[in-house]
Amino acid sequence: QFTIKVAPEADSLEMLAAQELSHYLRQITGQGFTVGKVDWFAAIKLPAIYVGKASAYFKNLSAEYDYNIVGTDAASLHIVGKTPQQTLEAVYIFLEQYAGCHFLSPQAEVVPKRTSLTVDKPYQYTPIAYTRTVHSKLFFNHPLFAAKRRVSVESFPGFVPIARVHTFHRLLPAATWLQTHPEFYAWVNGRRQPTQLCLSNDTVYHMVLDRVKAWFRRSPEATVLSVSQDDNTSYCTCPRCAATDAHEGGPAGSMIRFVNRIAANFPHKTISTLAYQYTRRAPKQTRPAANVLVTLCSIECDRSGPIAQKCTDFERDLKEWKQTGATVKIWDYTTQFTNFLAPFPNLHTLQPNVQLFVENNARWLFEQHSHNPSELFELRSYLLAQLVWNPYASADSLYRAFTRNYYGKAAPFIERYIDTVHAALRQENKFFLFLYGDPSQGFGSWLSAARLKQYTAWFDAAQQAVQSDT
């Protein structure tokens, strides 16, 4: 008896949300759920599911929450987000929370058959991290799956395309200026080098400001632009920069002062910069401006355990940035970049790390996965998306739900491998699991010949268990 209603002014995303809801409800119940626009002149008495803005005419949902799924009586249900994109995502939340669907990968989902659905209590939620990115082509190449997992479809949402990260060399190209104005660049080991900019040079400030203005004019829809160091550690040590850094307790002092000056010209935009390698420690005196986004990178950390246990320097730096009041973006790393297909037993670290981030003012989370297929690619992508959405969900329940639905009868063997390889690594207290490491480092312990033989046997058994299951 239920129909699905959208507002007359519904945009394409809200229409898509209603159509997706109809599509899945037909699969689940075997019944038709027509989609139509609310007719304000007709008596609205038939049972209906109101999607998006249509809900506002009948139910004053709390503006406190980004996502709302609320039944007002036996004949009406409201599924609405604060934005059309969030309304689409709320539809998928409804299908998971109340209908029992599992969206595991773009090609793998579980849609149960049911004769009735009951909304026994409302779902109202605002995620802690408002920008959530998992660097995986499963999301970037599949926007609907990204919506099902509530993560972004690009690495740098909202950024000016040319100015996402490591922008100094683009802001002031050395090929143009080094010969005539070497003073624009870093003083390193007794001479000017084009590795970084000299941030105490006032002409550099004005030239960078002009370039930032031009880039924003070129991309007026963008809200974020990166003014950030290049990917090396040869920063300026000229007397003026060195004096600032000495006063501030490190090179982040020069960086934040410079970026604050730029950001002051764009009160309605965000200027992003890096707390990375030599700038990772927060300045002692200067506070980042309200529209400065500090991107803190965990590249140096040991991945064999949670950051709070294995990378205490990073934890210290994160907490110091929190004390400055900075809005923090975390750039985290979850795979081995030198060997994407090799075992990398860090699943047990994902949740405590995400919790550490959000408890220290991180509202932007960028989990740099392998993008292309790697070890346990679908599982890692799913788990990371679930945890940045809700850092306090049961990680073990999410893990078991994925393995048992995705791998089917093979799940016990895959779980045995995953649990065993993680346990074997944890026995090696001094092993440094590095994102630029090599599998051969584990050949004497958790990747020994005997262990590899056992792991391979479990994968063979897993394959055999589902040999007849397409």
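For the structure given in this document, a descriptive report is provided here. Everything numeric here is computed off the predicted structure, so don't read it as measured data.

**Here's the deal with the side chain of Ser 55**
Looking at the element boundaries, Ser 55 is found in the loop between β3 (48-51) and β4 (67-73). For Ser 55, a relative accessible area of 1% puts it in the buried group. Reaching out from Ser 55, the side chain makes a polar contact with the side chain of His 78 at a distance of 3.0 Å.

**Let's talk about helix α16 (residues 449-465)**
For α16, spanning 17 residues, the distance from its first C-alpha to its last is 24 Å, which sits close to the expected 24 Å at 1.5 Å a residue. Three or more residues of α16 are buried, namely Tyr 455, Trp 458 and Ala 462. On an axial view of α16, the arc spanned by its buried residues comes to 60°, and they lie on one face. For α16, exposure combined with an orientation more than 90 degrees from the buried face picks out Ala 449, Ala 450, Lys 453, Gln 463 and Gln 464. Turning to α16, the residues buried within the fold contact α15 (411-426).

**Looking at the packing of helix α7 (residues 202-218) against helix α9 (residues 252-263)**
Interaxial distance between α7 and α9 falls to 10 Å at its minimum, and their mutual angle equals 45°. When the axis of α7 is compared with that of α9, the two are oblique. In the packing of α7 onto α9, the handedness of the crossing is right-handed. From α7, Asp 202, Val 204, Tyr 205, Val 208, Leu 209 and Val 212 reach across to α9, where they touch Phe 258, Arg 261 and Ile 262.

**Remarks on the side chain of Ser 381**
Counting through the fold element by element, Ser 381 comes out in helix α13 (residues 377-389). At 3.0 Å, the side chain of Ser 381 forms a polar contact with the side chain of Ser 136.

**Let's talk about unusual backbone geometry**
Trans is the prevailing form of peptide bonds, just as negative phi is the prevailing case for residues other than glycine. Backbone geometry at Asn 189 places phi at a positive 55°, although glycine is not the residue there. Relative to the elements of secondary structure, Asn 189 occurs in the loop between β10 (185-188) and β11 (191-197). Residue classification places Asn 189 among the exposed positions, given a relative accessible area of 74%. In this structure, Gln 277 takes a positive phi of about 55° despite not being glycine. Here Gln 277 shows up in the loop between β13 (270-275) and β14 (292-297).

**What to know about the pattern of salt bridges**
By the definition in use, this model includes 20 salt bridges. One salt bridge connects Lys 148 with Glu 109, and the closest N-O pair in it is separated by 3.2 Å. Of the two residues, Lys 148 sits in helix α4 (residues 143-149) while Glu 109 sits in strand β7 (residues 108-110), which places them 39 residues apart along the sequence. For Glu 375, the salt bridge identified is with Arg 380, shortest N-O distance 2.9 Å. Residue class for Arg 380 comes out buried when judged on its relative accessible area of 3%. Through salt bridges with shared partners, one network takes in Arg 280, Arg 281, Glu 300, Asp 313, Arg 316, Asp 317 and Glu 320.

**Focus: the packing of aromatic side chains**
Inspection of the entire model under this criterion finds 31 aromatic pairs. When the ring of Phe 159 is compared with that of Trp 364, the centres are 6.2 Å apart and the planes differ by 80°; the resulting orientation is edge-to-face. Highlighted residues: Phe 159 in the loop between α4 and α5 (168-171) and Trp 364 in strand β16 (residues 362-371), separated in sequence by 205 residues. Trp 364 carries the same exposure label as Phe 159, and that label is buried. Measuring from ring centre to ring centre gives 4.9 Å for Trp 331 and Phe 366, while their planes differ by 90°; the resulting arrangement is edge-to-face. With a gap of 35 residues between them, Trp 331 in strand β15 (residues 327-333) and Phe 366 in strand β16 connect regions that are remote in the sequence. By way of ring pairs, the aromatic residues Tyr 130, Phe 156, Phe 159, Trp 331, Trp 364 and Phe 366 are connected into one cluster. One residue, Arg 150, lies across the ring of Trp 389, its end atom 4.4 Å from the ring centre. Over the ring of Phe 366 we find Lys 329; its NZ or CZ atom is 5.6 Å from the centre of that ring.

So, how was this worked out
Sequence order as written defines residue numbering, which begins from 1 separately in each chain. With pLDDT at 70 or above as the cut-off, local features in this predicted model cover only qualifying residues; side-chain atom pairs require 80 or more to be listed or tallied, and sums for whole chains, interfaces and linings still use all residues. In computing side-chain values, all of the structure's heavy atoms are included and hydrogens and water are not. Strands are runs of DSSP state E lasting at least two residues, helices are runs of H or I lasting at least four, and both sets are numbered from the N terminus onward. To sort residues, take the accessible area from a 1.4 Å probe on protein chains only and compare it with the maximum for the residue type: under 20% means buried, over 50% means exposed, and anything in between is partly exposed. As used in this structure description, the phrase polar contact means that two N or O atoms lie within 3.5 Å; if the pair is within protein, one of them must be able to donate a hydrogen and the other to accept it, and residues adjacent in sequence are counted only when both atoms belong to side chains. The span you would expect from a helix comes to 1.5 Å times its residue count less one. What the arc measures is the spread of directions leading from the helix axis to the C-beta atoms. Contact criterion: two residues are considered in contact whenever any of their non-hydrogen atoms come within 4.5 Å of each other. Angles here are taken between N-to-C directions and fall from 0 to 180 degrees, while the axes themselves are lines fitted to C-alpha atoms, restricted in helices to the stretch in contact. What sets the label is the angle itself: under 35 degrees gives roughly parallel, over 145 gives roughly antiparallel, 65 to 115 gives roughly perpendicular, and the rest give oblique. Each crossing gets its hand from how the near helix is turned against the far one by less than a right angle, where anticlockwise is left-handed and clockwise is right-handed. By convention in these notes, a salt bridge is any Lys or Arg side-chain nitrogen within 4 Å of a carboxyl oxygen on Asp or Glu. A pair of aromatic rings is counted whenever rings of Phe, Tyr or Trp (Trp by its six-membered ring) have centres within 6.5 Å, and the orientation is called stacked for planes under 30 degrees apart, edge-to-face for over 60 and tilted otherwise. Think of it as a cone above the ring: NZ of Lys or CZ of Arg counts as a charge over the ring if it is within 6 Å of the ring centre and within 35 degrees of the ring normal.

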